[in-house]
Amino acid sequence: MNTLPPLAPLPPPEVQRSIPSDEWELYLDAWVLLLGARLGTSASSFEDFAPKDESAVLFLASFYQNLATSGNLINQSGAKFRALRKLCFLLTRRFLLEATCVPSGLLEWTYLSELSCCYPSSSALKKLLSEAWEKHEDTITASLEKGKALVIKQLSMSDSINISNAVVDIRRLTILASSLPATGHVLMAGSEFLDTLADAYQTHKREDVRKSLVANVYVGLTSLLKGMKPNLSLLLDQLFGLKASVGVGTPRAKKEPTLLSDVICSSDLLSRLKRYLVTQPQKRGQDLVASLLSYQNESKAFHHRYQKPKKRIDKGKGRASGLPPTDELHAHKMSLITQIQDLFPGLGSGYIVRLLDFYGDNAETIIAHLLDESIASELQDLDKSEQLPTPETTARHDPLPPRSTPPLTELPIRKNIFDNDVDLAELARSNSPNTDTAKNSLRFGRANPTLTADDLLSDRSNHAIQKAAIISALAAFDSDDDERDDTYDVADVGGTVDATDEGTDQQQQEKKSAYDLDLTLLQAYKSNPALFSRDSATRRGQPRASLKRETGMTDEAIEGWAVMLTRDPKQLAGLEDRLALSAAPSAGMAQPELVSTSYRRPKVPGDGEESGTDGEQQGSARGRGRGRGGFGRGRGRGRGGGGGPSGDQNTAASRQRKEENKASRANHNRRQQRARKVARAGGMVG
């Protein structure tokens, strides 16, 4: 291990640009070879040499610093750069986890944050940082405390240089806290750091500064709900402190954007907290969430919810090719120029554009080089007051340029079914019968005014043709074919005609066969009721089998017919009558059942009497008749009446039925009959 040569640190980007590509490939090969040699040593050899290998630590620090600042190496080669990036991560992992005495530079918060910037959303990195935290918690915590103090000091100053440096450091701490939640626990411990961020939010109105502060606070607060030991009480304490500083729920509440309003409106912090409180309910936390939700509704007008930009699918709707080029600057580059000119107002926009092109549109790198006065030599000789040229107005692109008129060709003639129709407007207004167009001429009055009836009768030229036409018309006329008589149609009469449709012959035949089937079943039922029992012995018996063959019914249908017959005595009585008539010597005695057409008063529920049978209603009607023919005297108070003790038991109900229609029927009917008689007598009252 002692024979391995040291590693040279990675040169800055401006030096990398001056190195030829062939030579740079050799550098990459050398670094890959030396890193692989260090990873291939045994554990004991690495343990002895690791604390003394300062060149490897310097190389790793320079590599991740360049990569975090510019995003990639300047003269990178695809496969070799990926191999170098992987070997650097493996060597860092071996230093942090296998070495007993880890070099102090690898445990600094700056190195860990740059490492997190180079491997975003990497599960291997998160696992490495969590294992390193368990092994070197005290050292990393002390470094983080120094970072907090540095950020507090920078934000306390009012000059733009310190603010820019503070924004860079805050972003690094935010990225580290998102990969290592324990970092967020350290940042949120105490109130000084959070109070400084809240004051800086109110002091500085720049959008990039405020976004950096909000992101850091959000990641720090949400990290308190993550990890092996969530710290809900610290989270609630910090939120209560921010709420008290803003004055939420009090008359002195600030009606302007604040750090708290921005965090709860542009992120899902409250949603995360609500879900956490569902599993671990706490009255203090629920009350805090309720008050912050109301404050969120009041502050929605100041902020908008941050959403991850969606990947747009190229639908081929971009600017058409072949159009004149445009010299307009992109809005993003204009914002970067404005950001740099805020710090260095003496620089021209043209010079800043050259810097952006040289450093890959990285404003932070440009600001750092301007502060350190380490701008590349080829950029130092340029005119720093150079301004952007005024863009010339681009000629408007005409989507429909003029084209030569195509040659005229004979178009097809349009035809339709109305082409041969006679147009009355174009008819010749001529009354002369000698012209060829006399038949198609538009005439006014008689075609031949001099023609008389005698002349028409004496003209025998067309006599035969006219006679034949009359005879053919008479032959087609049928004197017996008269119009159908609809006098007694139901629609015309109003429903009083009996239009009962007995159905087709097939329906009548089916109805007759159903009657015969019922008679057959009834005969079997009268002869042997046990034949319809619902047990297995009866179903397997010979009588049941013969009945099934005769009727064509199943066991369930036969047994069901018997059950329904026993439940309906009226049906049983009707079938017995039909059976008796069918067994009579004269077959003509059998006739279909005639439904009664007389009026039946509908049953009134709750009358307290049984007046549903026909016999009782007929008896009641006979008993209520006047004069002779009834059983009683006078107005029909007899056996069927309901007016006295010998009638219905409920005399109040009978009296109510008697009087309920008297005013609307009896008196009015007599008055109408008298009015008709008077009208027939000519209005003379006798």
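Here the structure is a predicted model, which means the values were calculated and not measured.

Asker: Can you explain the overall build of the chain? Please cite residues and give values.
Answerer: Across its full length, the chain holds 31 helices and zero strands. By the burial criterion, 31% of the 686 residues in the chain qualify as buried. When the accessible surface of the chain is totalled, it reaches about 45900 Å², and 53% of it is carbon and sulfur.

Asker: Quick one: what's the story with helix α22 (residues 463-476), residue by residue and with numbers?
Answerer: The end-to-end C-alpha distance of α22 is 20 Å, a good match for the 20 Å that 14 residues give at a rise of 1.5 Å each. Counting buried residues along α22, only zero of its 14 residues qualify, which leaves the element largely exposed.

Asker: Residues and numbers for the packing of aromatic side chains, please.
Answerer: Working definition: an aromatic ring pair is given by the centre-to-centre distance plus the angle between the planes. Under the definition given, this model contains 14 aromatic pairs. Consider the rings of F63 and Y64, whose centres lie 5.3 Å apart with planes at 75 degrees: the pair is edge-to-face. Looking at F63, the relative accessible area reads 0%, which means it is buried. Note on Y64: relative accessible area 0%, which makes it buried. On the numbers, 5.0 Å between centres and 80 degrees between planes, the contact of F358 with Y359 is edge-to-face.

Asker: Could you give an account of the nonpolar core, naming the residues involved and the relevant values?
Answerer: Counting 95 residues, the largest nonpolar core has Y64, L155, L213, L239, L259 and L260 as its most contacted members. Ranked by residue count, the leading element in this core is helix α5 (residues 78-98), at nine residues. Counting 19 residues, the second-largest nonpolar core is a separate cluster that includes L347, I352, I366 and L370.

Asker: I'd love a proper account of the state of the cysteines, names of residues and values included.
Answerer: Should the sulfur atoms of two cysteines be covalently bonded, the bond is a disulfide. For the structure shown, the criterion picks out zero disulfides. Of the cysteine sulfurs around C88, a residue in no disulfide, the closest is that of C118, at 9.4 Å. With no disulfide of its own, C118 lies closest to C117 among cysteine sulfurs, the gap being 6.6 Å.

Asker: I'd like a description of the pattern of salt bridges, backed by residues and values.
Answerer: Counted according to the given criterion, the structure contains 18 salt bridges. Here K80 and D29 are joined by a salt bridge, their closest N and O atoms 3.0 Å apart. Here D29 lies in helix α2 (residues 21-39) and K80 lies in helix α5, a separation of 51 residues in the sequence. Classification of D29 as partly exposed rests on a relative accessible area of 34%. Taken together, the shared-partner salt bridges in this structure form one network comprising R534, R539, R544, K548, D555 and E559.

Asker: Quick rundown of the confidence of the model for the chain? Include the residues and the values.
Answerer: When the pLDDT values of the chain are averaged, the result is 76; 72% of them are 70 or greater. Note that pLDDT drops below 50 for residues 429-435; the model gives that stretch nine contacts with residues more than four away or on any other chain. Taken together, the stretch residues 585-589 has pLDDT below 50 and engages in three contacts with residues farther than four places along the chain or on a different chain.

Asker: Could you give an account of the packing of helix α4 (residues 54-70) against α5, with specific residues and numbers?
Answerer: It is the contact of α4 with α5, at a shortest axis distance of 11 Å, that shows an interaxial angle of 125 degrees. Here α4 lies oblique to α5, going by the angle between them. Helix-helix and strand crossings are classified by hand; for α4 and α5 the assignment is left-handed. Contacts from A56, F59, L60, F63, Y64 and L67 in α4 reach F81, L84, R85, C88, F89, L91, T92 and F95 in α5.

Each value, and the rule that gives it
- Residues numbered from 1 in each chain as written.
- Predicted model: local features only at pLDDT ≥ 70, side-chain atom pairs only at ≥ 80, totals over all residues.
- Heavy atoms only, no water.
- Helix = DSSP H or I, 4+ residues; strand = E, 2+ residues; numbered from the N terminus.
- Buried < 20%, exposed > 50% of the residue type's maximum accessible area, 1.4 Å probe, protein only.
- Areas by Shrake-Rupley, 256 points an atom, 1.4 Å probe, with all protein chains shown as cover.
- Expected span 1.5 Å × (residues − 1).
- Phe/Tyr/Trp six-rings, centres within 6.5 Å; stacked < 30°, edge-to-face > 60°.
- Core = buried A, V, L, I, M, F, W, Y, C linked by side-chain atoms within 4.5 Å.
- Disulfide = S-S within 2.5 Å.
- Salt bridge = Lys/Arg side-chain N within 4 Å of Asp/Glu carboxyl O.
- pLDDT = per-residue confidence, 0-100.
- Contact = heavy atoms within 4.5 Å.
- Axes fitted to C-alpha atoms, helices over the stretch in contact; angles between N-to-C directions.
- Parallel < 35°, antiparallel > 145°, perpendicular 65-115°, else oblique.
- Left-handed = near helix turned anticlockwise from the far one by under 90°.

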